[in-house]
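# Structural characterization, general
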Amino acid sequence: MRKTHYDHVNLRAVRFFGFTSLVTTSRLHSAEAPERRTLRSSRVRRWLGHLFREWTTESWRPIAPAFAKPKPATWSDAQVTFAWIGHATVLINFFGIKILTDPVLFPRIGIRLPGLTIGPKRLTAPALQFHELPNIDLILLSHAHFDHLDLRTLRCFGESTTVITARATSDLLRHTRFCDVTELDWGEAKSFKTAGGEINISALPVNHWGARKRRDTYRGYNGYLLERKRQRIIFAGDTAMTNSFAELQEEGEIDLAIMSIGAYNPWIHSHCSPEQAVEMANAAGARFIIPVHHQTFRLSFEPFREPIERFEAALRKTPERIALREIGETFVLPL
Ligand SMILES: [Zn+2]
């Protein structure tokens, strides 16, 4: 499955800030139709214009506050509770184990220079600042792209936090304080003992890519299955459409799936549409879905509200399966 999304497209992905940023013609299609070249060059122009705005007028744009503020100190350790902090960052209390997915809490992501980060600015503030988080037992890192593995945020955490990350990505964490970092490759599973108890975590194959810069294409990229006390949760990371989630259903129901639903235009070959996110969650047999990876950073061309509106439309017959919709909202899993 790795890189299959490149096989049938006549685009060559150029990596920029861990993101597919420009499209250029491949050698195979050097004699293609002129109207397609026009389309591509206008896309390139739009993207360059977008980057220019990011570094100029965007600097003065205020960041909107989060829709709601979670109160994790009030959550019960006898429950499974989720709050969407922003982008792919979800705070989970899994029967007392505090988990954070892909933590990104600063105003910008990208390359860090002294006193400055060069990269996209948040549209919406994180629902919690670092000092408002509980002690985190486990951090899950899906892949090394800058909007998921943010070193500035990761450097805030102390050595008591265990980190689970994708194959060939732990070298990126060498200047953090983490002592316990485990790489999991697709199909690998491990039990982790934390201050909050024991949890089983498996790495799931997804349809994405792992390079943080241009040449480090050897890096892995994961979804995760979290299992504890017969509750099963998926954190899908970033993925284009894939059939791999369907296999999970054979071993029992999935209680909740955290699915990325944004950044599909024009990156549909590495990021699923909202409808495909629902389709994959359905294939896994997920009771509830938390839609993430929208409304936080402008990484693509779809309008700000389009992912969540399309997601809600895809679930209009069963809206009760939507665990939450807005940044900062909290969901308690019915047991
Ligand atoms: Zn992403």
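Treat the numbers as computed from the prediction; the structure is a model and nothing was measured.

## Considering the environment of Thr161
For Thr161, the location among the structural elements is in the loop between helix 3 (151-154) and strand 9 (162-166). Judged by the 24 C-beta atoms lying within 10 Å of it, Thr161 is buried. Sequence separation between Thr161 and Lys98 is 63 residues; the distance between their C-alpha atoms is 9.7 Å. When neighbours within four sequence positions are excluded, Thr161 is seen to be in contact with Ile136, Asp137, Ile139 and Phe178.

## Thoughts on the sheet that holds strand 15 (residues 254-260)
Reading across from one edge, 11-12-13-14-15-16 is the order of the six strands in this open sheet, with mixed pairing throughout. A single partner strand is all that each edge strand has here, and the edge strands are strand 11 (189-194) and strand 16 (286-292). Averaged over all pairs of adjacent strands, the angle between strand axes in this sheet comes to 20°, irrespective of strand direction. Docked against the sheet, helix 4 (residues 274-284) engages strand 14 (231-235), strand 15 and strand 16, running at close to 155° with respect to strand 15.

## Some words on the sheet that holds strand 3 (residues 80-86)
Think of a sheet as strands paired side by side through backbone hydrogen bonds, with each pair either parallel or antiparallel. Strand order in the open sheet formed by seven strands is 10-9-8-5-4-3-17, with mixed pairing between adjacent strands. At either end of the open sheet lies a strand with only one pairing partner, and these are strand 10 (180-184) and strand 17 (330-332). Taking the axes of each pair of neighbouring strands and ignoring which way they run, one obtains an average angle of 20° across the sheet. With three bridges joining them, strand 3 and strand 17 adopt antiparallel strand pairing. Within strand 17, the residue paired with Thr81 across the bridge is Val332.

## Quick look at helix 5 (residues 306-314)
All buried positions along helix 5 are accounted for by Pro307, Arg310, Phe311 and Ala314. Taken down its axis, helix 5 places every buried residue within 105° of arc, on the same side. Where the residues of helix 5 are buried, they touch helix 4 and strand 16.

## Focus: the packing of helix 4 against helix 5
One way to put it is that helix 4 packs onto helix 5 with a least axis distance of 8 Å and a crossing angle of 45°. The orientation of helix 4 relative to helix 5 falls into the category oblique. Relative to helix 5, the crossing made by helix 4 is right-handed. In this structure, helix 4 uses Pro274, Glu275, Ala277 and Val278 to contact helix 5, whose residues at the interface are Pro307, Arg310, Phe311 and Ala314. Considering only residue class, the contact of helix 4 with helix 5 consists of six nonpolar, no polar and two charged.

## Description of the pairing of strand 15
Burial runs high along strand 15: seven of the seven residues are buried. Of the pairings in the sheet, the one linking strand 14 to strand 15 comprises three bridges and is parallel in character. The partner of Ile234 across the bridge, within strand 15, is Ala257. Of the strand pairs in this sheet, strand 15 and strand 16 are connected by six bridges, and their pairing is parallel. Paired with Met259 across the strands is Pro291, a residue of strand 16. Considered for its hand, the β-α-β crossover made up of strand 15, helix 4 and strand 16 is right-handed.

Reading the values: the criteria
One numbering rule holds for all chains: residues counted from 1, following each sequence as written. Only residues with pLDDT of 70 or above have their local features reported here, since the model is predicted, and side-chain atom pairs are shown and tallied only from 80 upward, although totals for entire chains, interfaces and linings are computed over all residues. Helix numbering and strand numbering both begin at the N terminus, where a helix is a DSSP run of H or I of at least 4 residues and a strand a DSSP run of E of at least 2. Every C-beta atom is placed from the backbone, and the number of other C-beta atoms within 10 Å of a residue's own sets its class: buried at 20 or more, exposed at 12 or fewer, partly exposed in between. By the criterion used throughout, residues are in contact when their C-beta atoms, derived from the backbone, lie within 7 Å. The pairing criterion is simple: DSSP has to find at least two bridges between the two strands. Lines fitted to C-alpha atoms define the axes, with helix axes restricted to the stretch in contact, and inter-axis angles between N-to-C directions lie between 0 and 180 degrees. This arc corresponds to the set of directions leading from the helix axis out to the C-beta atoms. An angle counts as roughly parallel when it lies under 35 degrees, as roughly antiparallel when it exceeds 145, as roughly perpendicular when it falls between 65 and 115, and as oblique in every other case. What makes a crossing left-handed is the near helix being turned counterclockwise from the far one by less than a right angle; a clockwise turn instead makes it right-handed. The residue classification treats Ala, Val, Leu, Ile, Met, Phe, Trp, Tyr, Cys and Pro as nonpolar and Asp, Glu, Lys and Arg as charged. All others, Gly included, are polar. A crossover counts as right-handed when, viewed with the strands pointing away from the observer, the path leading from the first strand over the helix to the second turns clockwise.

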